[in-house]
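Each chain, written out:
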Amino acid sequence: MENNILHTHSDEELLQQFFATHSEPVEDDGFTERVMAAVLAEQDEEQVEALRLRRWSCALNLVGVLVGIVLLIVLGFFPRVWSYLLELPVRWVTLVANYDWDNLLVQLLLHLHQLPEQLPSLTQLAGFFMVTVLLSVLTVQQLVRREV
Amino acid sequence: MQRLSDIALIAQVVTLGSERAFGQLVRGHQEAVRRFLCRLTGGDQMRADDLAQDTFVRAWQGLASFRQLSGFETWLLRIAYRVFLDDERKRPSYSLDEADDSQMVALADNSVHGEDGGWGLRHDLDRALAILPEAERTCVVLQCVEGQNIREIAQITSLPENTVKSHLLRGKKHLATYLRRNGYQ
């Protein structure tokens, strides 16, 4: 039994030594170029067009997101939201402290009446909406072309 | 654990169809795939390169199905093994799978005293591996040459782990016997 265990250990060492001394690097020698040529040859026209549309769609999505962020910054959306959020706890504390429980409905309506002053104007919202619609139309056009 | 560069390259190939990213993947893993196939084909580098090319073409076509449940190299070697088996089925050749112990040792002795006296390193290695049946040879190559563990070998060969262990035990024993008979200590 001990002999078998010793033999197994020395077998492992023997094999490790053998494989270590018989390993040779495999140089590329243009193999990658041949593979890529074969890969490109495999692609048919439909796949190439699908790839082109996929890249176009990704680029369009990225542009849409960037334009949206820029518009929000230009329209001053973030500072307004941030200041509103900062004021919110104070408003609520003040509201609760001065709250007239007998006039709950009146208080709620008063708060809702003041809310529109914090939001972007209708003009600003319309501009944002139009840009979103334009980008969506462009995307749909590309998808329709792909179907055709 | 996946190399971060592999994950980034795979993401570029899958989302953008980037051939440049796939080329980098090929360059990074071609050595392991070609070396593995060369050992399976008994040192026939030309055949191994053809099979390796098919492997990477299939990988390109199926990369979207790579789920990162195994390493990328393990996934490639799995494809390579299947490509090899498909090619083997088309070839009419004697199968060593039914050879028993005494026949394998006899084959080893014959290969030692063959006409070709050249003992290049690769010849030594391929002659040594040639004494093993295909399944044992595959498992030994995957562990001893490619450094795959038993779980990965099981994934590559689609064999149960216990079967892989059994193949490794038998294969290594026969290989060690052959090496000792040929003067390796």
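This text gives an overview of the structure that appears in the document. (Residues numbered from 1 in each chain as written. Chains lettered and ligands numbered in written order. Predicted model: local features only at pLDDT ≥ 70, side-chain atom pairs only at ≥ 80, totals over all residues. Heavy atoms only, no water.)

**Remarks on the overall build of chain B**
Moving on, step 1. When helices and strands are tallied, chain B shows nine helices and zero strands.
Moving on, step 2. Reading chain B from its N terminus to its C terminus gives the helix and strand order α-α-α-α-α-α-α-α-α.
Moving on, step 3. Long-range pairs, those at least 24 residues apart, make up 66% of the contacts in chain B with a sequence separation of at least 6.
Moving on, step 4. About 9,200 Å² of surface is accessible on chain B, with carbon and sulfur atoms providing 52% of the total. (Helix = DSSP H or I, 4+ residues; strand = E, 2+ residues; numbered from the N terminus. Contact = heavy atoms within 4.5 Å. Areas by Shrake-Rupley, 256 points an atom, 1.4 Å probe, with all protein chains shown as cover.)

**Describing a nonpolar patch on the surface**
Residues and elements named next belong to chain A.
Moving on, step 1. Residues Val65, Ile69, Ile73, Phe77, Phe78, Val81, Trp82, Leu85 and Leu86 make up a contiguous nonpolar surface patch of roughly 850 Å² in combined accessible area.
Moving on, step 2. At the level of elements, α3 (45-74) and α4 (77-97) are the ones that each hand at least two residues to the nonpolar patch.
Moving on, step 3. Here the element with the most residues in the nonpolar patch is α4; it accounts for six residues. (Patch = residues over 30% accessible without salt bridge, like charges linked within 9 Å, V, L, I, M, F, W, Y side chains within 5 Å. Salt bridge = Lys/Arg side-chain N within 4 Å of Asp/Glu carboxyl O.)

**Regarding the pattern of salt bridges**
Residues and elements named next belong to chain B.
Moving on, step 1. Scanning all chains against the criterion turns up 14 salt bridges over all chains.
Moving on, step 2. In this structure, arginine 35 engages glutamate 31 in a salt bridge whose closest nitrogen and oxygen atoms are separated by 3.6 Å. Taken together, the residues arginine 35 and glutamate 31, both in helix α2 (residues 19-40) and four residues apart, mark about one turn of the helix.
Moving on, step 3. On the basis of relative accessibility, which here comes to 29%, the residue glutamate 31 falls in the partly exposed class.
Moving on, step 4. Here the salt bridges do not stand alone but share partners, grouping Arg47, Asp87, Glu88 and Arg91 into one network. (Buried < 20%, exposed > 50% of the residue type's maximum accessible area, 1.4 Å probe, protein only.)

**Description of the packing of helix α3 (residues 45-62) of chain B against helix α4 (residues 72-90) of chain B**
Axes are the key here: two packed helices are described by the angle between their axes and the distance separating the axes.
All names here are of chain B.
Moving on, step 1. At a minimum axis distance of 9 Å, the contact between α3 and α4 shows a crossing angle of 125°. As judged from the angle between their axes, α3 and α4 are oblique. When the axes of α3 and α4 are compared, the crossing they make is right-handed. In this structure, α3 contributes Arg47, Leu51, Asp54, Thr55, Phe56, Arg58, Ala59 and Gly62 to the contact, and α4 contributes Trp75, Leu76, Ile79, Ala80, Val83, Phe84, Asp86, Asp87 and Glu88.
Moving on, step 2. Of the residues in the contact of α3 with α4, the class split is nine nonpolar, two polar and six charged. (Axes fitted to C-alpha atoms, helices over the stretch in contact; angles between N-to-C directions. Parallel < 35°, antiparallel > 145°, perpendicular 65-115°, else oblique. Left-handed = near helix turned anticlockwise from the far one by under 90°. Nonpolar A, V, L, I, M, F, W, Y, C, P; charged D, E, K, R; others polar.)

**Things to note about the interface of chain A and chain B**
Moving on, step 1. Taken together, the contacts link 31 residues of chain A with 38 residues of chain B.
Moving on, step 2. Together, the buried faces of chain A and chain B total about 3,200 Å²; carbon and sulfur atoms form 64% of this surface.
Moving on, step 3. Per-residue buried area on chain A facing chain B is highest for Phe19, Val26 and Phe31 of chain A; these three make up 21% of the total on that side.
Moving on, step 4. Counting every contact that joins chain A to chain B gives three salt bridges.
Moving on, step 5. Taking the shortest distance from any N to any O, the salt bridge between aspartate 11 of chain A and arginine 180 of chain B comes out at 2.6 Å. (Buried area = accessible area lost by both parts, 1.4 Å probe.)

**Comments concerning the environment of alanine 11 of chain B**
Moving on, step 1. By secondary structure assignment, the location of alanine 11 of chain B is in helix α1 (residues 4-16).
Moving on, step 2. For the pair alanine 11 of chain B and alanine 21 of chain B, spaced 10 residues apart in sequence, the C-alpha to C-alpha distance is 9.0 Å.

**Quick look at unusual backbone geometry**
Only a minority of non-glycine residues have a phi that is not negative, and only a minority of peptide bonds are not trans.
Moving on, step 1. Residues other than glycine seldom take positive phi values, yet aspartate 29 of chain A does so here, at roughly 50°.
Moving on, step 2. Tracing the backbone through its elements, the reader meets aspartate 29 of chain A in the loop between α1 (2-21) and α2 (31-42).
Moving on, step 3. One non-glycine residue, serine 158 of chain B, lies in the positive phi region at around 60°.
Moving on, step 4. Its location among the elements puts serine 158 of chain B in the loop between α8 (150-157) and α9 (161-181).
Moving on, step 5. Residue serine 158 of chain B is classed as partly exposed on the basis of its relative accessible area, which comes to 48%.

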